[in-house]
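# Residue-level structure breakdown
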Amino acid sequence: MAEFIGRLFRSPSAVIGLFILLAVAAIAVAAPLLYPAGPWAMVGQPMQWPGQVAGLPLGTDALGRDIMAGIFHGARISLLIGLAATAAALCIGVAVGAVAGFFGGWVDDVLMRITDAFQTIPPFILAIVIVVIVNPSVSTIILAIAAISWPAIARLVRAEFLRLREMDFVASCRLIGMGNTRIILTQILPNALPPIIVTASILTATAILTEAGLSFLGLGDPNVISWGTMIGMGRSDFRAAWYLVAIPGMAVVLTVLALNLLGDGLNDALNTRLHRRK
Amino acid sequence: MSTGLTTGATGARRRRGRYLLRRLGQSAIVLGIVLLLQFTLIHLAPGDIADVIAGDVQSDDPEFIIQLRRDLGLDQPLPIQFAFYVGRLLTLDLGTSHAFNMPVLTLILDRLPATLLLMFSAIALAFVAGAALGTIAAAFRGRWPDVLVTISALLFYATPVFLVGIGLILIFTVWLRWLPMSGMYVTWVQHTWWSLAVDIARHLIMPAVSLSLFFVAIYTRLMRATMLEVLSQDYVRTAWAKGLSPSRVVLRHAARNALLPMVTMLGLQVGSLLGGAVLVETVFGWPGIGRLAFEAVFRRDVPLVLGILFFSSVLVLMVNLLVDLLYTRLDPRIVLR
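Residue positions are given per chain, counting from 1 as you read along its sequence in written order. Working convention: letters from A go to chains and numbers from 1 go to ligands, in the order in which they are written. Where local features are concerned, this predicted model is filtered to residues with pLDDT of at least 70; where side-chain atom pairs are given and counted, the filter is 80 or more; whole-chain, interface and lining totals use all residues. Only hydrogens and water are set aside when side-chain values are computed; all heavy atoms of the structure are taken into account.

### Observations regarding the overall build of chain A
Broken down by element type, chain A carries eleven helices and zero strands. Listing the helices and strands of chain A from first to last along the sequence gives α-α-α-α-α-α-α-α-α-α-α. Along the first, second and third principal axes, the C-alpha set of chain A runs to 75 × 45 × 30 Å. In chain A, which comprises 278 residues, the proportion classed as buried is 53%. Pairs at least 24 apart in sequence give 73% of the contacts found in chain A among residues at least 6 apart. Each accessible area value is a Shrake-Rupley result obtained with a 1.4 Å probe; residue values ignore everything except the protein chains displayed when judging cover. Summing over all exposed atoms, chain A offers an accessible surface of approximately 12,100 Å²; the carbon and sulfur share of this is 67%. Secondary structure counts use DSSP, requiring at least four H or I residues in a row for a helix and at least two E residues in a row for a strand, with both numbered from the N terminus. For every residue, the accessible area (1.4 Å probe, protein chains only) is compared with the maximum for its type, and the residue is labelled buried under 20%, exposed over 50%, or partly exposed between those bounds. Between two residues, a contact is recorded if the distance between any of their heavy atoms is within 4.5 Å.

The following block contains the structure:
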């Protein structure tokens, strides 16, 4: 573990990614403390450019709301949805992939055809349909993003299980009479974790992009403001005030970039075979 | 010797036929599951078609709604309803859009050419740019062109497509006034064949670039990785040893072989390309299926949304089959199973 952390911190992309993510997490935590009035509060004249008014460093939107407050509170929503959707996708994907890969045969066939079906439907369009049909709220958005993200995990976990179940240590577990559930959970799954962790960080990035896209189309939870909502609201005024789109846009890009950098760094650090070869 | 070759060829053809049948069978099963999923989604929706129609004609007469349910078969058990649903879809009856008051299929087919044009331009652009950038990065591994390409790819990958679109409009329409902001062609002038093509091309540039950037990133990373792998192989070393020029080794010997995995990627990306098209067409007012999906969502037109979902899934299945077949033609070493 210590060796792994050492390797992770030697990768510049992982360090940059972690640094940005910690900053985003910090502003998400600090949002209710620094901006207790929330992102909807009107604090000044509308359409003030960043730096124009003291105390409003990022300016105000068309309704005079503080953009800085929106960025802080938006971080909470974007991170919450990204992490929760990934966690849900991990639960479904690991369960499906582990069962399919471990048992093989017709179970594998059935589960993989279902996975195929989910991968055939264009993911973003499926997310749109789910949100439209079940009505937009934070929990349906999380559900919709999880529904489009789990197949990637399932395929990965299945491939790992197919490989690992043939190994000697699994055979010896069987020999001493260990049950299937115990072998799956305590023996194979821990060995399959590295690629799952890497994929999870990439999936969180994709989830944040998907949420931003849904909110941009007006399919966000109407009771909360996310970065995507801010971009969507700023769109009609972007000719005169492009900062309305650019500032929340930068927030999305930086966060997604950080998650991808962290994923790359984790991949290098966890891939010991590659490490030794270098 | 010659007989051996002939049986080999017939064997290969028979294998190809069997493979095609198996893939068709698999696709049919997948399509069946997609239909089941859609059917489930319909039943998750609050209220049913009868409520929607009753709402449209502004009737709350319970007798009318019961009659309507009976006419629509909604009083039948679920498996029978599902069978009817599959039957209707297989005869390409996708229902009627209540927002447009037109058959869903007609609406989709009207918008299909615009979307296909956009998707094809975007993916072609991504393929060419990705192959070029990836080759450059691999050839200059670790030096500044590689660093530059890698950083750009990371940025392209992290930027939402709609943000790219808005940025392009700001630069090329609002500030520079070079390109039209939205639509597919100018409607208020009389077009000749040629001027229409030019006009569509001018309208197409920004949407196609916006849609492609994410895929440029994917193809660049894939091409770079494959090129590095290929460049380390023995036959490339032989090419260097023969004294061939660097450009000849990199382009003729390495890049051609590195292109194969890129073709596989094409098939995998159709689905996310369609999803991106929804956002891009919304930003640019491009009159395709994506824009139609946005309008359907905006007006809560469930039959139209589901029709688009079904149609785009079929499109993805067909493209995947096509790419599989293309792939076996491109690389004769691939064994069909």
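### Considering helix H6 (residues 138–164) of chain A
In a helix, the anticipated span is given by 1.5 Å times the number of residues less one. The terminal C-alpha atoms of H6(A), which comprises 27 residues, lie 37 Å apart, in line with the 39 Å expected from a rise of 1.5 Å per residue. At any given residue, the bend is defined as the angle formed between two axes, one fitted to the seven residues that end at that position and one fitted to the seven that begin there. By the largest-angle criterion, Ser149(A) marks the main kink of H6(A), which is about 35°, and a proline, Pro151(A), follows within four residues.

### Topic: the confidence of the model for chain A
When pLDDT is averaged along chain A, the result is 87, and 97% of the positions lie at 70 or above. Confidence over residues 274–278 of chain A falls short of pLDDT 50; this stretch has one contact with residues more than four positions distant or in other chains. The pLDDT score gives, residue by residue, the confidence of the prediction method on a 0 to 100 scale.

### Structural notes on the environment of Glu166(A)
All names here are of chain A. Checked against the element boundaries, Glu166 lands in the loop between H6 and helix H7 (168–175). Exposure remark for Glu166: the relative accessible area of 56% places this residue in the exposed category. For the pair Glu166 and Met250, spaced 84 residues apart in sequence, the C-alpha separation works out to 47 Å. Within the structure, the side chain of Glu166 is placed 3.1 Å from the side chain of Arg165, a separation counted as a polar contact. As used in this structure description, the phrase polar contact means that two N or O atoms lie within 3.5 Å; if the pair is within protein, one of them must be able to donate a hydrogen and the other to accept it, and residues adjacent in sequence are counted only when both atoms belong to side chains.

### Examining the interface of chain A and chain B
Contacts between chain A and chain B engage 39 residues on the former and 44 residues on the latter. Put simply, buried area is the surface a 1.4 Å probe can reach on two separate parts but cannot reach once they are joined, added for both. For the chain A and chain B pair, buried surface summed over both sides reaches about 3,900 Å², with 83% attributable to carbon and sulfur atoms. By convention in these notes, a salt bridge is any Lys or Arg side-chain nitrogen within 4 Å of a carboxyl oxygen on Asp or Glu. Across the contact surface, chain A and chain B share one salt bridge. A salt bridge links Asp264(A) to Arg221(B); the shortest N-O distance between them is 3.1 Å.

### Observations concerning the domain arrangement of chain B
All names here are of chain B. For each domain, the first and last residues come from an automatic or database assignment. One can read the domain layout of chain B as domain 1 (14–100) and domain 2 (103–330). Measuring from the centre of the C-alpha atoms in domain 1 to the corresponding centre in domain 2 gives 33 Å. Across the contact, 22 residues belong to domain 1 and 27 residues belong to domain 2. Approximately 2,200 Å² of surface area, both sides summed, lies buried where domain 1 meets domain 2, with 72% of it carried by carbon and sulfur atoms.

### Here we look at the pattern of salt bridges
Once the charged atoms of two side chains with opposite charge are near each other, the side chains can pair. Residues and elements named next belong to chain A. Overall, the coordinates contain ten salt bridges over all chains when judged by the stated rule. When the shortest N-O distance is used, the salt bridge between Arg113 and Asp116 registers 2.9 Å. With a gap of three residues between them, Arg113 and Asp116 both fall in helix H4 (residues 105–120), about one helical turn apart. Across the pair, exposure class does not vary: Arg113 and Asp116 are buried alike. The closest approach of N and O atoms between Arg165 and Glu166, which form a salt bridge, is 3.1 Å. Put simply, Arg113, Asp116 and Arg155 are held in one network by salt bridges that share partners.

### What about helix H9 (residues 227–234) of chain A?
With six of eight residues buried, H9(A) is to be regarded as a mostly interior element. Contacts made by the buried residues of H9(A) are with helix H2 (12–34), helix H3 (67–103), helix H8 (180–216) and helix H10 (243–270) of chain A together with helix H7 (161–175) of chain B. The N-cap residue of H9(A) is Ser226(A): its side-chain oxygen and the backbone nitrogen of Gly228(A) are 3.3 Å apart.

### With respect to unusual backbone geometry
Residues and elements named next belong to chain B. At Asn101, a position not held by glycine, the phi torsion is positive, near 55°. As for its placement among the helices and strands, Asn101 is situated in the loop between strand E1 (96–97) and strand E2 (102–103). Judged by its relative accessible area of 65%, Asn101 is exposed. Phi at Arg177 is positive, roughly 55°, even though this residue is not glycine. Structurally, Arg177 can be placed in the loop between H7 and helix H8 (193–231).

### A short note on the environment of Pro39(A)
Relative to the helices and strands, Pro39(A) is located in the loop between H2 and H3. For the pair formed by Pro39(A) and Ala69(A), sequence separation is 30 residues and the distance between their alpha carbons is 5.1 Å.

### Description of a nonpolar patch on the surface
On the surface, a cluster of nonpolar side chains totalling about 630 Å² of accessible area is made up of Trp49(A), Trp242(A), Ile171(B), Trp175(B), Leu176(B) and Trp178(B). Secondary-structure assignment places Trp49(A) in the loop between H2 and H3. On the basis of relative accessibility, which here comes to 33%, the residue Trp49(A) falls in the partly exposed class. Every patch collects residues that have over 30% relative accessible area and no salt bridge, joining them within 9 Å if they carry like charges and within 5 Å if they are nonpolar side chains (Val, Leu, Ile, Met, Phe, Trp, Tyr).

### Describing the packing of aromatic side chains
Two rings from Phe, Tyr or Trp (for Trp, the six-membered ring) form a pair when their centres sit within 6.5 Å of each other. Planes less than 30 degrees apart are called stacked, planes more than 60 degrees apart edge-to-face, and all others tilted. The tally for this structure, following the rule as stated, stands at twelve aromatic pairs over all chains. The interplanar angle of 80° and the centroid separation of 6.2 Å between the aromatic rings of Trp242(A) and Trp175(B) together place this pair among those described as edge-to-face. Of this pair, Trp242(A) sits in the loop between H9 and H10 while Trp175(B) sits in helix H7, placing the two residues on different chains. The partly exposed category is assigned to Trp242(A), whose relative accessible area is 34%. When its relative accessible area of 49% is taken as the criterion, Trp175(B) is described as partly exposed. Measuring from ring centre to ring centre gives 5.0 Å for Tyr157(B) and Phe214(B), while their planes differ by 20°; the resulting arrangement is stacked.

### Considerations on the packing of H2(A) against H10(A)
All names here are of chain A. Every axis corresponds to a line fitted to the C-alpha atoms, with the helix fit spanning only the stretch in contact, and the corresponding angles, defined between N-to-C directions, vary from 0 to 180 degrees. Direction vectors running N to C along H2 and H10 enclose 140°, while the axes themselves pass 7 Å from each other. Relative to H10, the element H2 lies oblique. Between H2 and H10 lies a crossing of left-handed hand. Taken together, the residues of H10 that come into contact with H2 (itself represented by Ser13, Ala14, Ile16, Gly17, Leu18, Ile20, Leu21 and Val24) are Leu254, Thr255, Ala258, Leu259, Leu261, Leu262, Asp264 and Gly265. Angle categories: roughly parallel below 35 degrees, roughly antiparallel above 145, roughly perpendicular from 65 to 115, and oblique for all the rest. Two helices that cross are described as forming a left-handed crossing if the nearer one is turned anticlockwise from the farther one by less than a right angle, and a right-handed crossing if clockwise.

### Observations regarding the confidence of the model for chain B
Residue and element names in this part refer to chain B. The share of residues in chain B with pLDDT of 70 or more is 89%, and the mean pLDDT across the chain is 82. Across chain B, the element-wise mean pLDDT spans from 63 in helix H2 (residues 49–56) up to 92 in helix H5 (residues 104–139). In the predicted assembly, ipTM is 0.87 and pTM is 0.88.

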